[in-house]
Amino acid sequence: MPVNSIKVGTFDIHSVSDGYMIFQREDFFPDVKKESWRQYPPYSKPKFEMNIGSFVIKGTRKTILVDTGLGKLDHRIDQPVRETLLSELDAFNIIPNDIDIVFLTHLHMDHVGTNMAKDNGIWKPTFPNARYIVGKSDWEMFSGLLNKPAYKYLEEQIQPLISNGTLDFFEGEISLTEGVVTLPTPGHTPGHTSLLINSNGEKAVIMGDAAHIPPQVEETSWSPSPDMDKNLSAETRSSLMALIESSHALIASGHFPRPGFGEIIKVDSKRFYRPIR
Ligand SMILES: [Zn+2]
């Protein structure tokens, strides 16, 4: 049985998924030499699958949903399984009304796609009782891309939230609820942010897209094509993995093979990602 939930102190963290995408390895990691993949057998083929994972942080005071998948925004992406986020939340007895905060790690389409739903032709927040929150510097950058066709999705999934005053912008390290703080991890996008959960001496990091596949836990210089600033993302990845290792935090990763919970282990002075089973 896969471990779909972990406990971190007083928090329950549930893993849910909105489906998965398929990418060409060479397109996604154009800078990685072919022979470098040999030591990572799960990635030996030309294509690989990537989960579209979200996490629910359920505390005694707040229920936080981290990222909202691709929803119906599946244009040009090979996505064999799709739009499963709400049914997977339901399997944990979580309905949209239960969500207090929707935290967006960044504004790429595979993280915001279920923010809004069309109701009688009008876009309404899928999670009607939630404040939505995203890094200020992400919106500063993405708002300049609105007239590009590839970023049209922002008009339906982000702009209505701004118009109706439901989206909050933050900078730096802030507390979402006691025990959950934002951890800026720029590079993938300018305002990209992970979350650090710290409760009763136990820790976990919800990484967002600071890493996309487990080999990057060791190969921190492997920056994929969607990283907007590849040098910065590599620096961020390196310090993030060091932090996770030294603080013995668990990893929760939406793009690692689901359910995406694991830890860092050291073998012959190399870091490896070990999934929790
Ligand atoms: Zn992503």
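Here goes a summary of the coordinates provided. Remember, predicted model here, so these are calculated numbers, not experimental data.

Thresholds applied
- Residue numbers run consecutively from 1 along every chain, following the written order of its sequence.
- It should be noted that, the model being predicted, local features are given only for residues of pLDDT at least 70 and side-chain atom pairs only at 80 or more, the latter also being counted only at that level, while totals for whole chains, interfaces and linings use all residues.
- Side-chain descriptors were evaluated using all non-hydrogen atoms of the structure, hydrogens and water having been removed beforehand.
- Numbering of helices and strands runs from the N terminus, with a helix taken as a DSSP run of H or I at least four residues long and a strand as a DSSP run of E at least two residues long.
- Note on exposure labels: buried denotes an accessible area under 20% of the residue type's maximum, exposed denotes more than 50%, and partly exposed covers the range between, all computed with a 1.4 Å probe on protein chains only.
- Whether two residues are in contact is decided by their heavy atoms, any of which lying within 4.5 Å being enough.
- Definition of nonpolar core: a set of buried residues of the types Ala, Val, Leu, Ile, Met, Phe, Trp, Tyr and Cys, connected through side-chain atoms within 4.5 Å.
- Each metal's donors are the N, O and S atoms within 2.8 Å of it, or within 3.2 Å when it is Na, K or Ca, and because water is not part of the set, sites may look incomplete.
- Any two strands with at least two DSSP bridges between them are considered paired.
- Axis geometry follows a simple rule: fit a line to the C-alpha atoms, using only the stretch in contact for helices, then measure angles between N-to-C directions, giving values from 0 to 180 degrees.
- We count a salt bridge whenever a side-chain nitrogen from Lys or Arg sits within 4 Å of a carboxyl oxygen from Asp or Glu.
- In this analysis, the expected span of each helix is defined as 1.5 Å times one less than the number of residues it contains.
- What the arc describes is the spread of directions from the helix axis to the C-beta atoms.
- Under the rule applied, a polar contact is a pair of N or O atoms within 3.5 Å (in protein, one hydrogen donor and one hydrogen acceptor; residues adjacent in sequence only if both atoms are side-chain atoms).

1. Focus: the environment of I133
- Within the secondary structure, I133 is located in strand β9 (residues 131-135).
- What makes I133 buried here is its relative accessible area of 9%.
- Taking the C-alpha atoms as reference points, I133 and H255, separated by 122 residues in sequence, lie 20 Å from one another.
- Residues within four places of I133 in sequence aside, it is in contact with I101, V102, F103, L104, L167, D168, F170, I174 and L176.

2. Concerning the nonpolar core
- Of all hydrophobic cores here, the largest spans 42 residues; its most connected members are L107 and F127.
- Mapped by element, the contributors of at least two residues to this core are β2 (11-24), β3 (47-58), α2 (85-91), β6 (101-104), β9, α3 (136-142) and α4 (153-157).
- Tallying contributions element by element places β3 first for this core, with 4 residues.
- Ignoring anything within four residues of it in the chain, the contact list for F127 reads L65, T68, L85, L86, L89, P96, I99, V102, T114 and Y132.

3. Details of the coordination of the zinc ion
- In this structure, D110 (OD), H111 (NE2), D209 (OD) and H255 (NE2) serve as the protein donors to the zinc ion, at separations of 2.1 to 2.3 Å.
- Between consecutive donors of the zinc ion, the numbers of intervening residues give the motif D-H-x97-D-x45-H. One end of the pair, D110, is in the loop between β6 and β7 (116-119); the other, H255, is in the loop between β15 (250-252) and β16 (261-267), and 145 residues separate them in sequence.

4. Considering the sheet that holds strand β17 (residues 270-275)
- If you trace the 7 strands from one edge of the open sheet to the other, you get β11-β12-β13-β14-β15-β16-β17, paired in mixed fashion. A single partner strand is all that each edge strand has here, and the edge strands are β11 (175-177) and β17. Each strand axis lies, on average, 30° off the axis of its neighbour in the sheet, ignoring direction.
- Inspection of the sheet shows strand β13 (residues 193-199) paired to strand β14 (residues 202-206) by 5 bridges, in the antiparallel sense. Bridging across to β14, N198 finds its partner in K203.

5. Regarding the pairing of β9
- In terms of residue burial, β9 counts as a mostly covered element, since 4 of its 5 residues are buried.
- When β9 meets strand β10 (residues 167-170), the two strands line up parallel, connected through 4 bridges. Along β10, the bridge assignment pairs I133 with D168.

6. Observations regarding the pattern of salt bridges
- Counted by the stated rule, this structure contains 15 salt bridges.
- When the shortest N-O distance is used, the salt bridge between E88 and R258 registers 2.8 Å. Taken together, the positions of E88 in helix α2 and R258 in the loop between β15 and β16 put the pair 170 residues apart, joining distant regions of the chain.
- Among the residues examined, R258 registers a relative accessible area of 40% and is labelled partly exposed.
- Residues R274 and E263 are paired through a salt bridge, measuring 3.3 Å at the closest nitrogen-oxygen approach. Taken together, the residues span a long stretch of sequence, with R274 in strand β17 and E263 in strand β16 at a distance of 11 residues.
- On the basis of relative accessibility, which here comes to 28%, the residue E263 falls in the partly exposed class.

7. A look at the side chain of R25
- When you line up the elements, R25 lands in helix α1 (residues 25-28).
- With sequence-adjacent residues up to four places away left out, R25 is seen in contact with K34, W37, Y43, S44, K45, P46, K47 and F48.

8. Overview of helix α6 (residues 230-246)
- With 17 residues, α6 extends 24 Å from end C-alpha to end C-alpha; this agrees with the ideal 24 Å at 1.5 Å per step.
- The complete set of buried residues in α6 reads S233, A234, T236, R237, L240, M241 and I244. When α6 is viewed along its axis, its buried side chains cluster within an angular range of 165° and face the same direction. Every exposed residue of α6 that faces more than 90 degrees away from the buried side is listed here: N231, E235 and S246.
- Check the buried side of α6 and you find it contacts β12 (180-184), β13, β14, β15, β16 and β17.
- With a side-chain oxygen positioned 3.3 Å from the backbone nitrogen of N231, the residue opening α6 is D229.
- Positive backbone phi, at 50°, marks H248, one or two positions downstream of α6.

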